[in-house]
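What follows is the residue order along each chain.
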Amino acid sequence: MIEGAIWRRWVFFRIPLFLFILVLLFPFYWMAITSFRPDGELYRPWNAINYNPFWTWKPTLVHVQYLFRETMFTTWLWNTMLIALASTAISLVCGVFAGYALSRLNFRFAGLLGTGIFITYLVPQTLLFIPLSEIIRNYRLGDTPWSLILTYPTFLIPFCTWLMMGYFKAIPRELEECARIDGASRWQAMLYIIVPVAVPGILSAGIFAFTLSWNEFIYALVFLSSPEQKTVPVGVVSELIRGDVFFWGPLMAGALLGSIPVALVYSFFVEHYVSGLTGSVKG
Amino acid sequence: MAIIAAGTVVGAPPRRRLLEDERWLAMMLLLPTAVLLGLFIAYPFMRGIVLAVTDARVGIAGEFVGLGNFERLASDPIFYQVVWNTVLYTAVTTVFKLALGLWLALLLNRSFRGKAYVRAFILLPFIIPTVLSTFAWKWMFDPTFSVLNWTMYQLSIINRPINWLGDGDLAMLSIIIVNIWRGVPFFAISLLAGLQTISPDLNEAAAIDGAKPLQRFWYITWPLLLPVTMVVVLFSVIQTFADFQIVYVMTGGGPANATHLFATYAYQLGVGTGLLSQGAAISLAMFPILFLIVVVQLLYIRRVEIR
């Protein structure tokens, strides 16, 4: 692709790519280095002399300790994990069912329903959080994990359905027909023949849904109030800032440790995640 | 084998026969989705409209006031500021996310060593919970301990600290930077997937015919990529227009409402001060604008795809 001299390769390829990587990843490096740095080094004026902000020779675990001893960080981690897993599971079941029905069954209004689900895909959470908070209170779900486990699927299902429809459409009809001729019911043909073939799609949808629920903020912020119910993003925001005082060490440690579970899951399934992401766009 | 052993349809119990009917099966399969979306999207949407035409507050049901809340918005200078902020924020970030994302996608579309790792790492800003990574940015933009100020001072670009989040325009610039940073990976990876569907033969043929790289991009790559680009932009515009997290963490809407967006202003009024109906009215005011954007873009996408 690249013709001509070596300098062209540097100017048009290596240097820009390096700069992109540097800028995209620097905040994470900054998060990590701040987490392990003593307070004495953190709070130095911006123009202090003999000061290197990019490295520390006195790494410390005090911020991490503070996080686990003085706050309910472990509880938040568990809450987030539980909510993300449960809402992902619900969304996958709904998405697989709905995707199968919309892509492989003939019935009236199939097109209309498909469009309806696509439209909800485009409704952002910030449009509905106020009336929804009222409804959650009326159902007596406020301040419980259920308030999130039941509402997160509203933005996960449309995406899962959309992705699964694409996968199901690609599976040849003959596969199903063979099973039906051999005596399987429609339900069995779906569950034992079509769904196993679509496992890569289910995995993609699942990983994507998991990262989205881990990332969700406004519903968790509005629906949860007691510290022991909070998720990591909300807990970090509300419990590590007192008035105008920011505890930057614990804050960054919380941000780092709160990111690790989702980063780990992502690292194991990068390919599936990417195909979920691109599949959601291509539809 | 279990499937064959499961028996024939003839003589099966009535419930089984019902599931054999395509329409019944479809209905059963769509039921859970319909219930959840109905309860937590359609119903709150209706409820939002009802709230917006009352004067409800937290704990008080409120009475019907017609379009009173919207009239109040129309005479609220902060609301105009919010509309302008949101439009500016969405327009500027989308342009930059598209340009930088496309550039990064073109860079990643070449083959080089460690490409899989680079691609995996580049997506990190998009994976990591936005609130958490935005805190890292807030710390980098800190008025007294900013590492950006430190670096620029050492490089002699500035001689006194920049108060990033304390000045209205700079605060807007800061949240725009964070949004672009978070969105570029999404654009890059989606556009890369689009680029990979374009046959390299086309580019080679054009190169043999003497087309320069820029011409090849403009006359081959860009038109073929346009459908994917439009969909990516559509998603991004909706998400950005309704953005909440970045502003909530970085500035909370300040200084002096300079960075308030629809969502943060709705939150401040609806949850912060308990004026439920006014908050709901602001949230709902997003809907016609979003609807218009979606319709225009979907029509445009259809036209592009037919062509």
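Predicted, not measured: the structure shown is a model, and the values here were computed from it. (Residues numbered from 1 in each chain as written. Chains lettered and ligands numbered in written order. Predicted model: local features only at pLDDT ≥ 70, side-chain atom pairs only at ≥ 80, totals over all residues. Heavy atoms only, no water.)

### A short note on the overall build of chain B
In terms of helices and strands, chain B carries 15 helices and zero strands. For chain B, the C-alpha radius of gyration of 26 Å lies well beyond 19 Å, the compact-globule estimate for 307 residues. Taken along its principal axes, the extent of the C-alpha atoms in chain B is 90 × 75 × 40 Å. Counting the 307 residues in chain B, one finds 52% classified as buried. Once local pairs closer than 6 in sequence are excluded, the contacts in chain B between residues at least 24 apart make up 66%. (Helix = DSSP H or I, 4+ residues; strand = E, 2+ residues; numbered from the N terminus. Rg over C-alpha atoms; globule rule 2.2 N^0.38 Å. Buried < 20%, exposed > 50% of the residue type's maximum accessible area, 1.4 Å probe, protein only. Contact = heavy atoms within 4.5 Å.)

### A word on the overall build of chain A
Along the backbone of chain A there are 15 helices and two strands. For a compact globule of 283 residues, the expected C-alpha radius of gyration is about 19 Å, and chain A comes in at 24 Å, more than 25% above that figure. Seen along its three principal axes, the alpha-carbon backbone of chain A occupies a region of about 80 × 65 × 30 Å. Looking at the 283 residues of chain A, the share that counts as buried comes to 57%. Once local pairs closer than 6 in sequence are excluded, the contacts in chain A between residues at least 24 apart make up 76%. Taken as two groups, the 18 positive and 15 negative side-chain charges of chain A have centres that lie 5 Å from each other. (Lys, Arg positive; Asp, Glu negative; His and termini not counted. Charge placed at Lys NZ, Arg CZ, Asp CG, Glu CD.)

### Side note on the environment of B:Thr259
All names here are of chain B. Following the sequence through the fold, Thr259 ends up in the loop between helix H13 (245–250) and helix H14 (262–272). Overall, the relative accessible area of 0% leaves Thr259 in the buried class. Along the sequence, Thr259 and Gln81 sit 178 residues apart, while their C-alpha atoms lie 8.7 Å from each other. Among all residues touching Thr259, those that are not within four sequence positions of it are Asn85, Ala171, Met172, Ile175, Val247, Thr251, Gly253 and Gly254.

### Section: the interface of chain B and chain A
Interfaces are often sized by the amount of accessible area the parts lose when they come together. Taken together, the contact pairs 99 residues of chain B with 105 residues of chain A. Summed over the shared surface of chain B and chain A, the number is three salt bridges. Of the charged contacts in the structure, one is a salt bridge between B:Arg119 and A:Glu271, with a shortest N-O distance of 2.6 Å. Inspection of the region where chain B meets chain A yields 13 residue pairs in polar contact (both at pLDDT 80 or more). Each residue belonging to the side of chain B that touches chain A can be placed in one class, and the counts come to 73 nonpolar, 15 polar and 11 charged. (Salt bridge = Lys/Arg side-chain N within 4 Å of Asp/Glu carboxyl O. Polar contact = N/O pair within 3.5 Å; in protein donor to acceptor, adjacent residues only side chain to side chain. Nonpolar A, V, L, I, M, F, W, Y, C, P; charged D, E, K, R; others polar.)

### Digging into the side chain of A:Thr211
On the secondary structure map, A:Thr211 appears in helix H11 (residues 199–215). A distance of 2.8 Å separates the side chain of A:Thr211 from the backbone oxygen of A:Phe208, its partner in a polar contact. Non-local contacts of A:Thr211, meaning those with residues more than four positions away in its chain, are made with A:Val262, A:Tyr273 and B:Ile127.

### Looking at the domain arrangement of chain A
Residues and elements named next belong to chain A. Each assigned domain of chain A is listed with its residue range as follows: domain 1 (1–60) and domain 2 (62–282). In this structure, domain 1 and domain 2 have C-alpha centres spaced 33 Å apart. On the side of domain 2, 11 residues touch domain 1, which itself brings 11 residues to the contact. Buried surface at the junction of domain 1 and domain 2, both sides included, amounts to about 820 Å², of which 68% is carbon and sulfur. On inspection of domain 1 and its partner domain 2, the count reaches zero salt bridges. Only helix H1 (6–35) and helix H2 (39–42) provide two or more residues apiece to the side of domain 1 that touches domain 2. No other element matches the four residues that H1 contributes to the side of domain 1 that touches domain 2. In terms of residue class, the side of domain 1 that touches domain 2 is built from six nonpolar, three polar and two charged. (Domains from an automatic or database assignment. Buried area = accessible area lost by both parts, 1.4 Å probe.)

### A few points about the packing of H1(A) against helix H5 (residues 77–108) of chain B
One can describe the packing of H1(A) onto H5(B) by two numbers: an axis separation of 10 Å at closest approach and a directional angle of 125 degrees. Accordingly, the angle class assigned to the pair H1(A) and H5(B) is oblique. Of the two possible hands of crossing, H1(A) and H5(B) adopt the one that is left-handed. Residues A:Phe12, A:Phe13, A:Pro16, A:Leu17, A:Phe20 and A:Leu24 of H1(A) lie in contact with H5(B), whose contacting residues are B:Leu100, B:Trp103, B:Leu104, B:Leu107 and B:Leu108. By residue class, the composition of the contact of H1(A) with H5(B) is 11 nonpolar, no polar and no charged. (Axes fitted to C-alpha atoms, helices over the stretch in contact; angles between N-to-C directions. Parallel < 35°, antiparallel > 145°, perpendicular 65-115°, else oblique. Left-handed = near helix turned anticlockwise from the far one by under 90°.)

### Considerations on the confidence of the model for chain B
Residues and elements named next belong to chain B. Of the residues in chain B, 94% have a pLDDT of 70 or more, and the chain-wide mean is 87. Considering each helix and strand of chain B separately, the mean pLDDT is smallest for helix H1 (residues 2–5), with a value of 44, and largest for H5, with 95. Taken together, the chains of this predicted complex give a pTM of 0.91 and an interface ipTM of 0.91. (pLDDT = per-residue confidence, 0-100.)

### Some thoughts on the pattern of salt bridges
All names here are of chain B. A complete count under the given rule lists six salt bridges over all chains for this structure. Between Asp21 and Arg23 there is a salt bridge whose closest N-O contact spans 3.9 Å. Using a relative accessible area of 54% as the deciding quantity, one classes Arg23 as exposed.

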